Amino acid sequence: MPFAFAAAVLAAILGVIDAAAVQPAFAFPLFVGLVVFGAVLAGVAVATSELFRQSRLTAAEAQARLQDLTVQERRLSATVEAAEVGLGLADLDGNLTQVSTRLATILGRTREELAGAGLEEVLPSEDRAAIADALQLLRDGDVATWQAELSRVALFMVRLPATAGGDPAVLVQVADIVARRRIESLSDCVAGVRQVIVNATGIEQAMPQLLRGFCEYLGWSAGQYWALDAERKSLRVRYSWNAADTVMEGFLHAGRGVVVTAATGLVGRVWQAGVVAAEEDLERSADYEPRTAALSAGLRSGLAFPVVVGGDVTGVVELVARQPHTPADEEVTVLATAGVEIGQFIRRAETAQALRRSEADHRAIFERSPIGIARISNGGELVEANASLLHMLDHDAETMRAHAWPELMRTYDQTAAREHKAPFLAGLSDGSSLQIRAATGAGNWLWLQLTATSIPDSRGTPEHVLVMVEDVTALRETSDRLAEALEAQRDANTNLEKLDQTKSEFLSIVSHEFRTALTGIQGFSELIRDGGLEPDEVRAYGGYIFNDADRVNRLIGDMLDLDRMESGRMTMRAGDVDINDIVMEAISRAVPSAVTVEFKSDLDPRLPIVSGDRDRLIQVLSNLVNNAVKYSPDGGTVTLSSRVEGRFALISVTDTGLGIPQDEIGHVFERFRRVRSGAAQSIPGTGLGLTIVKQIVEMHGGKIWVESAVGHGSSFHFTVPLAPESANALQLRHA
Ligand code: ADP
């Protein structure tokens, strides 16, 4: 474009010259001059045009830059104003020259108030020294930037280089950290509460730490915990905390005397309403307790929140401060939540304490119980045995676990099987007990009573088994002895009854025997008294009378013998006796009255002399021979034999008579015992003879026994010791 413009100018100039029609003589120089002029003109025109263009260009650019700058400045100031931090400029002495609105807000002044004001004046007095030091460092050029968190703000300062027309300045950047600090304190407080709750073992340990945490994190001066009494009727201070402040101590002391019973005062209202409440001006709060103490401690504000367990308020935490303290919403939320968490902790701690107490009780019972207690697994292995059990079985814990207990379980199962009961582990549910015999470590045998109880876990599944082990040896032995005694008593009673019965039978038999004999004696003697009898008749009647009298005599003799035997007065006159001799005498005595039986003898002619009472031995033999005859009513043979049997003479009386029923054989030697069946029952007798015979044989140191079969006869055998010298001689002979 500048070139087009220059060409147009040049073209116009050339047109004028052409129109003037210049003379030829001058024509060339003029032409040259014109050309040169034209060229100069053209050059000027070109240059001018270029200049013109350039200046227009520059102006446009300046305009554009100005606009840019304006926009940028607007943007910058909008940015400065919109920044979260407050920004400003100050001179090197810290006097503010420019401030953003945000900075004014953070510092709590108007921009006008801040214009020219020194940084040290507008920030809290406690920060002054730090700011003065910082400005000094910036001034001296020791540092180019400085930053620190002061009491309420974070301050960042940059030394800016001096501009052409001015002094160096300081860029001031201020961030409000109050809100952030509050949030941090709250979250620290929450973390602190949790930490105390997690680590504490009980409320006594936790509560002072919690009160301290609330005060330190949230800026309260003192705190106290009001606990509800057992009847849930009143609140009293149970724990308190303050930072070793004696004036505050006076307030807390006064608080300990207060009993809150109704919804009045800060604490009472929180208790009844169950929500957080604050008292921003204690001076104006008429029902605050203890108000006078609070005011004299210089307290201004208070806050209380409920401690909630399962929806019920169980206590109230009260926090008081000297400075005005208006709790923000976050603080209220944090404290309300803390109240719930503390409540849960109290419940957990109480449950844990109750558990610990119950655990301690059970441990004491387990350890000190006089009964042996074993805790065993579901598989039957011994987990733990108490001292009583170890002492009872005389084992150490390890031997008990490894050997004695498994052995006990085996014995239990064997005993259970014998008694048709379930094995130990299978029969736990019925709770029955069993007595078993077990040896102690010292080798003593005990009777143990085992009773098992299955202990379920929280889900009801059997977790382990408790076994009570009682030493019932003494009890068992006593009851065994008692049973034996009872049995003996029962036997004695039966015997007594039998004896009684036998005695009355004996009495009737004896009376009958006496009467029969006496009737005979009476009848025959009457006949003789009346006279008129032939001498043979008199002799015969005399014989009958003699026999009856003899019967009575024998009967009385037997009864006297029995009496002597029972009172231990029966005596022996020992001497040398030839058994074969008395056997023959017994036969000859029996023969006259025994007409139906045949007597035989089978005697060892070399039978040595025995030592004994001859009369008594004749009594024995006569008795046996008489019985053999008497119980052979149909006749038969009665054989008497003798032979040596070791150091004894063995004598046998064998008949072929009635025989003795099998079940009576063992009893015929008992007093008054008579066979009451078959033909034997009709044969008269007293049941005394064999009793006396047995006694006499035994007094000689011998034995008597019988072999018999009904219908085949009986064999009575008895032994009498050989006289010592004959026994020795016999021995010599055998040798
Ligand atoms: P008793 O006076 O009744 O004969 P004993 O004591 O002599 O009393 O005998 C007891 C019982 O033994 C008799 O009642 C009788 O039943 C039985 N007895 C004794 N000897 C014989 C025998 N040789 N044969 C069969 N029974 C006999």
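Quick note: structure is the one above.
Everything in this summary refers to the structure shown in the same document. Because the structure is predicted, anything quoted here is derived from the model rather than measured.

Taken together, the 6 strands give an open sheet; going across it, the order is E8-E7-E6-E11-E10-E9, and neighbouring strands pair in antiparallel fashion. Each end of this open sheet is capped by a strand with a single partner; those strands are strand E8 (259–260) and strand E9 (277–279). Where strand E6 (residues 222–228) meets strand E7 (residues 235–242), 7 bridges bridge the pair, whose relative direction is antiparallel. The residue bridging glutamine 224 from the neighbouring strand is serine 240, located in E7. Packing of helix H8 (residues 203–218) onto the sheet brings it into contact with E6, E7, strand E10 (301–309) and strand E11 (312–321), and relative to E7 it is tilted by some 60°.

On to the environment of phenylalanine 524. Relative to the helices and strands, phenylalanine 524 resides in helix H15 (residues 473–530). Spatially, the C-alpha atom of phenylalanine 524 lies 175 Å from that of arginine 75, the residues being 449 residues apart in sequence. Those residues in contact with phenylalanine 524, other than ones at most four positions away along the chain, are Tyr541, Tyr544 and Ile545.

Here we take up the side chain of glutamine 224. Position of glutamine 224 relative to the elements: it lies in strand E6. Not counting residues up to four positions away in its chain, the partners in contact with glutamine 224 are Leu211, Val237, Tyr239, Ser240, Phe251, Leu252, Val316, Val317 and Glu318.

Moving on, we get to the side chain of arginine 616. With respect to the helices and strands, arginine 616 occurs in helix H18 (residues 614–630). Note on arginine 616: relative accessible area 14%, which makes it buried. Leave out the neighbours within four places in its chain, and arginine 616 touches Asp561, Arg564, Met570, Thr571, Met572, Ile696 and His700.

Glancing now at the site of the ligand. The local shell around the ligand holds 19 residues, among which Asn627, Tyr631, Arg674, Thr686 and Leu690 are the closest. Between the ligand and the protein, one listed contact pairs a nitrogen atom with a side-chain N or O atom of aspartate 655 at 2.8 Å. Serine 714 is positioned with one of its side-chain polar atoms (N or O) 3.4 Å from a nitrogen atom of the ligand. Looking at the shell around the ligand, the element that brings in the most residues is H18, giving 3 residues. Taken together, the residues that form the shell around the ligand break down as 8 nonpolar, 7 polar and 4 charged.

Basis of the calculations
Residues numbered from 1 in each chain as written. Predicted model: local features only at pLDDT ≥ 70, side-chain atom pairs only at ≥ 80, totals over all residues. Heavy atoms only, no water. Pairing = 2+ DSSP bridges. Helix = DSSP H or I, 4+ residues; strand = E, 2+ residues; numbered from the N terminus. Contact = heavy atoms within 4.5 Å. Axes fitted to C-alpha atoms, helices over the stretch in contact; angles between N-to-C directions. Buried < 20%, exposed > 50% of the residue type's maximum accessible area, 1.4 Å probe, protein only. Near = heavy atom within 4 Å. Polar contact = N/O pair within 3.5 Å; in protein donor to acceptor, adjacent residues only side chain to side chain. Nonpolar A, V, L, I, M, F, W, Y, C, P; charged D, E, K, R; others polar.

It is worth stressing that arrangement in space is one thing and function is another; only the former is reported here.
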